[in-house]
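# Architecture and fold: a report
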Amino acid sequence: MCGIVGYIGQEQAAPILLDGLKRLEYRGYDSAGVAVYNRETGTLSVRKAKGRLHVLAEQIHDGADLRGTVGVGHTRWATHGAPSDVNSHPQTSRSGKIAVVHNGIIENYAELKSFLISKGVPFASETDTEVVAQLIEYFYQGDLLSAVGRVLHRIQGAYALGILCADCPDQLIAVRKDSPLILGYGEGCSFLASDVTAILRRTRQVSYMEDGEIAVLTRTGIRCYDHLMQPVDKEIVQVDWDVDAAEKGGYEHFMFKEIMEQPEALRRCVSPRIRDGEVVFEDFCLSPEEIRALEKIYIVACGSSYHVGMVGKYHLERLTRKPVEVALASEFRYMDPIVSEKTLVIVISQSGETLDTMAALREARRRGGKILSIVNVVGSSIARESDQVLYTWAGPEIAVATTKAYSTQLAVICLLALYFGKLLGTIPPADYRSALEAFQALPEQVEQVLSRKDDIQYYASQYFNHDSVFFIGRNIDYALGLEGSLKLKEISYIHSEAYAAGELKHGTISLIEDGSLVVALAACPRLFPKTMSNVVEVKSRGASVLALTTEDRRAETGQIADGVFTIPGTCELLLPSLSVVPLQLFAYYVALMRGCDIDKPRNLAKSVTVE
Ligand code: M6R
C-alpha cells in the first residue's frame, strides 16, 4: 500500500527520502516520487516515475539532482487513476508551489474537483490527491496552516497527508485521519512517515498522530494541533525494534526468513504468557463475571488473519462452549451484526492498520461490543482503539505473504481459548495441563518441521507445474486449508481452492480429473478416517494426492496418498500451528520454482488501507 516519508533538516533531503521509500517498498506500490524545495530557485523540484523505486532513483542520480533540505516522498499503490508518472505522488497545485503526498482515499473528490474546475482550476491527473493540492492553493492567502485547515473541513474519507509549500520552506505539514502517520524527532531535523521502518535508521524517537491531528514539522521540533487547532502535547516513545530484523539478513527472501523465524517468534509470544502452569493475560479487559456473562464471541479480520479466526472458532467453541461467529471485516459493517455489551469482538490484524478491519472494529464498538485485538504492530491504529490488545510480538513482518504473524496470532487465540476454558470450567483440568505442556514444546516442534524443509522442496519440484490445486480437510484441517490455499495462490499465482473435504461431493468434485493435485490435510486424529475416505474419492477420479498428517499415521496414509508429509504429534489445539509450516514452505518453494516475485506478489500490498 502507499508509503509516505518526509524530511526537514540540515542534510540533502532527496537521498534520505529515497532511503525511506526503499524501506517502505515491502508495502507494495506501482510508482514513486519525491518533491524537494530548492532554495536557489525558490521552487519545488518534483520527480515521479512509474515502476520500481530504482527507476526514480536512477532518473535523479540517487537524489543528487535535487538540491534542498526539505521534502516529501511517496510510493503509490494505484486507487484513483492507473499507475503512471502523472498519477504518481507528490501531486502539485496548478502553480506548482504546493506538493502533497497522500495515503488513503478522498471520497468526495469528484464533487470537489467539479467545484474547482468550475473556478477555472485545470487538473493534470486522475487522482483524488490532486484535489487536495489544488484546494489548498485555492484557499491559500499567505497562511498555509489555515488553508490546510479549511481544506480539512471539506474533504471526506481517509487520509494521511504530507504537505510542502514553496512559500513556507521551513516547515512541512502532516495531517492524519484514518490512515497512519508517524512523526520522528531527530537532532536538528524532523520526519514524517506512514510506517516507522521508513525512519528507523535516522531516529528512534517517534510519536503517533491521532485522527484529526495536524502537525507542523520544522528543523527544531514538531508542533501538533487537534482538529480545533488547539495545541496537543504528543508523547514521544522510543522504538526498540532491531533495524536488522527489518532487513533480509542473508536470506534470499523476507518470506523465507520469516518462515524460519517462527520458532523464535512463538517463544517471544508464548513464554511470557504461561506462568506457573497457568495462562496469564495481565490486566485483562473483562472480569471473570463478564467472561461468564458473554453471550457471543465475534471474530473479525481479513485474509490470513481471518483464517486464524476460522481455526480460532473451532477451538473457542470446543473449549468454552460459547457461540463464536467469524466474519470477514469487509462484510461485517454491512451485515447489521448482532453485537451487544455481552459480545466480545476479537479483531485480528498483523498490521493493525487494515482499513476494513478498523471499520469493523468501530462498528462493533458503536454497537456496544468489547474489543479485544490481536495485533503485531505496536501502537498501530487498531491496537490503540481496542479495549485490550494482545500483541503477537512476531517482530516486523516484511513479506506481503504473512507467515510468522499468522503463527503467532494462532498461538494467541489458542492461549485465549485455554484462558477462557479454564475460567469457565469448560476444559477438563488434564486437557488444560497437557495443552500447556504442548505449548512449551511447540517452538521446538516447529524447528523439527523446518529442519525437514528439503522434503517439502522435493514435493514442490514434483508439482510446481500444476495449474490448479485443491486443499481439503475437515474442521481445523479445513480452516488450515484456507490458509494453505491463500498462501499458494497469492505468491505462485496458481489457481487454488480450499474445501471442507466432505463438501467436495456436492459439486466441486466434478473438477477433479487425471492429474489434478489435491493437498489432503489429515492431522486431526478424530477425523482422520473420514478425511481419508474423501482422499480415496479424489484418488479414484485421477487426482494426485499430497497428504499431511501426524507421524503415527505415516504408514497408513502412504498406502493411499502419492506423497506424505508428517508433523510431530501434539494436542488437537496445536495441530494447525505445526501443519501450517509445511504449507507455507510448499507455497514458497513452488513460487520460487515458478520464478515469482515472492516478497512482492503482483497486485498485492502488505498493509491494505483502502476499503
Ligand atoms: O495486517 P492484516 O493482518 O490486517 O492484513 C490482513 C490481510 O490483508 C493479510 O492477512 C493478507 O491476507 C496476507 N498478506 C496474506 O498473506
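Just so we're clear, the structure is a prediction, and the values are computed from it rather than from any experiment.

Rules used throughout
- Residues numbered from 1 in each chain as written.
- Predicted model: local features only at pLDDT ≥ 70, side-chain atom pairs only at ≥ 80, totals over all residues.
- Heavy atoms only, no water.
- Near = heavy atom within 4 Å.
- Polar contact = N/O pair within 3.5 Å; in protein donor to acceptor, adjacent residues only side chain to side chain.
- Areas by Shrake-Rupley, 256 points an atom, 1.4 Å probe, with all protein chains shown as cover.
- Nonpolar A, V, L, I, M, F, W, Y, C, P; charged D, E, K, R; others polar.
- Domains from an automatic or database assignment.
- Buried < 20%, exposed > 50% of the residue type's maximum accessible area, 1.4 Å probe, protein only.
- Helix = DSSP H or I, 4+ residues; strand = E, 2+ residues; numbered from the N terminus.
- Pairing = 2+ DSSP bridges.
- Expected span 1.5 Å × (residues − 1).
- Phe/Tyr/Trp six-rings, centres within 6.5 Å; stacked < 30°, edge-to-face > 60°.
- Lys NZ or Arg CZ within 6 Å of the ring centre and 35° of its normal.
- Core = buried A, V, L, I, M, F, W, Y, C linked by side-chain atoms within 4.5 Å.
- Contact = heavy atoms within 4.5 Å.
- Axes fitted to C-alpha atoms, helices over the stretch in contact; angles between N-to-C directions.
- Parallel < 35°, antiparallel > 145°, perpendicular 65-115°, else oblique.

Around the ligand lies a shell of 14 residues, among which Ser305, Ser349, Ser351, Thr354 and Glu490 are the nearest. One of the side-chain N or O atoms of Ser349 is found 2.6 Å from an oxygen atom in the ligand. Interatomic distance of 2.9 Å between a backbone N/O atom of Thr402 and an oxygen atom of the ligand. Relative to its unbound accessible area of 420 Å², the ligand is 90% covered by the protein chains. Each residue belonging to the shell around the ligand can be placed in one class, and the counts come to four nonpolar, eight polar and two charged. Composition of the shell around the ligand by domain shows at least three residues from each of domain 2 (242–449) and domain 3 (452–596).

Buried residues dominate strand S7 (residues 157–165), accounting for nine of its nine residues. Side chains Gly157, Tyr159, Leu161, Ile163 and Cys165 project from S7 onto one buried face, and the interleaved Ala158, Ala160, Gly162 and Leu164 project onto a second face that is buried too. With nine bridges joining them, strand S6 (residues 98–106) and S7 adopt antiparallel strand pairing. Paired with Ile98 across the strands is Cys165, a residue of S7. Sheet topology note: the S7/strand S8 (residues 172–177) ladder contains five bridges and is antiparallel. Across the sheet, Leu161 pairs through a bridge with Val175, a residue of S8. Where S7 folds back onto S8 in an antiparallel hairpin, the turn is made up of six residues.

According to the domain assignment, the protein chain contains domain 1 (3–240), domain 2 (242–449) and domain 3 (452–596). On a C-alpha basis, the centres of domain 1 and domain 3 stand 46 Å from each other.

Further remarks concern helix H19 (residues 575–593). Because each turn of an α-helix spans 3.6 residues, side chains separated by three or four positions in sequence point in the same direction. In this model H19 runs 28 Å from its N-terminal to its C-terminal C-alpha over 19 residues, within 8% of the 27 Å that 1.5 Å per residue would give. Counted residue by residue, H19 has 17 buried out of 19 residues, so it is predominantly covered.

A separate point is the packing of aromatic side chains. Summed over all chains, the structure comprises 14 aromatic pairs. Ring centres of Phe115 and Tyr138 lie 5.4 Å apart, and the angle between their planes is 85°; this geometry places the pair in the edge-to-face category. Pair noted here: Phe115 is in helix H3 (residues 109–118) and Tyr138 is in helix H4 (residues 129–139), with a separation of 23 residues, a long-range link. Overall, Phe115 belongs to the partly exposed group, its relative accessible area being 33%. Its guanidinium or amino end placed over the ring of Phe565, Arg452 lies 4.4 Å from that ring's centre, counting from NZ or CZ. When the ring centre of Phe528 is taken as reference, the NZ or CZ atom of Arg553 above it lies at 4.4 Å.

All right, on to the nonpolar core then. Ile346, Leu418, Phe439 and Phe586 are the most contacted members of the largest nonpolar core, which totals 98 residues. When residues no more than four places from it in sequence are discounted, the contact partners of Phe586 are Ile456, Tyr459, Ala460, Tyr463, Leu488, Leu517 and Leu546. Counting residues in each nonpolar core, the second largest holds 31 residues, with Val100, Ile155, Ile163 and Val216 among its members.

With that settled, the discussion passes to the packing of helix H7 (residues 262–270) against helix H14 (residues 429–451). Between H7 and H14, the shortest axis-to-axis distance is 9 Å and the interhelical angle comes to 170°. Put simply, H7 runs roughly antiparallel to H14. Mapping the contact onto sequence places Gln262, Pro263, Leu266, Arg267 and Val270 in H7 and Phe439, Leu442, Pro443, Glu444, Val446, Glu447 and Leu450 in H14.

A sheet is described by the order of its strands in space; here eight strands give the open sequence S3-S2-S4-S1-S10-S9-S11-S15, paired in antiparallel fashion. Here the strands that pair on one side only, and so sit at the sheet edges, are strand S3 (43–50) and strand S15 (237–238). Pairing of strand S11 (residues 205–208) with S15 involves two bridges; the strand directions are antiparallel. Within the sheet, the bridge partner assigned to Val206 lies in S15 and is Val237.

A sheet is described by the order of its strands in space; here seven strands give the open sequence S5-S6-S7-S8-S12-S13-S14, paired in antiparallel fashion. What marks the edges here is a single partner per strand, and that holds for strand S5 (91–92) and strand S14 (231–232). The sheet strands contacting H4 are S5, S6 and S7, and the helix crosses S6 at an angle near 135°.

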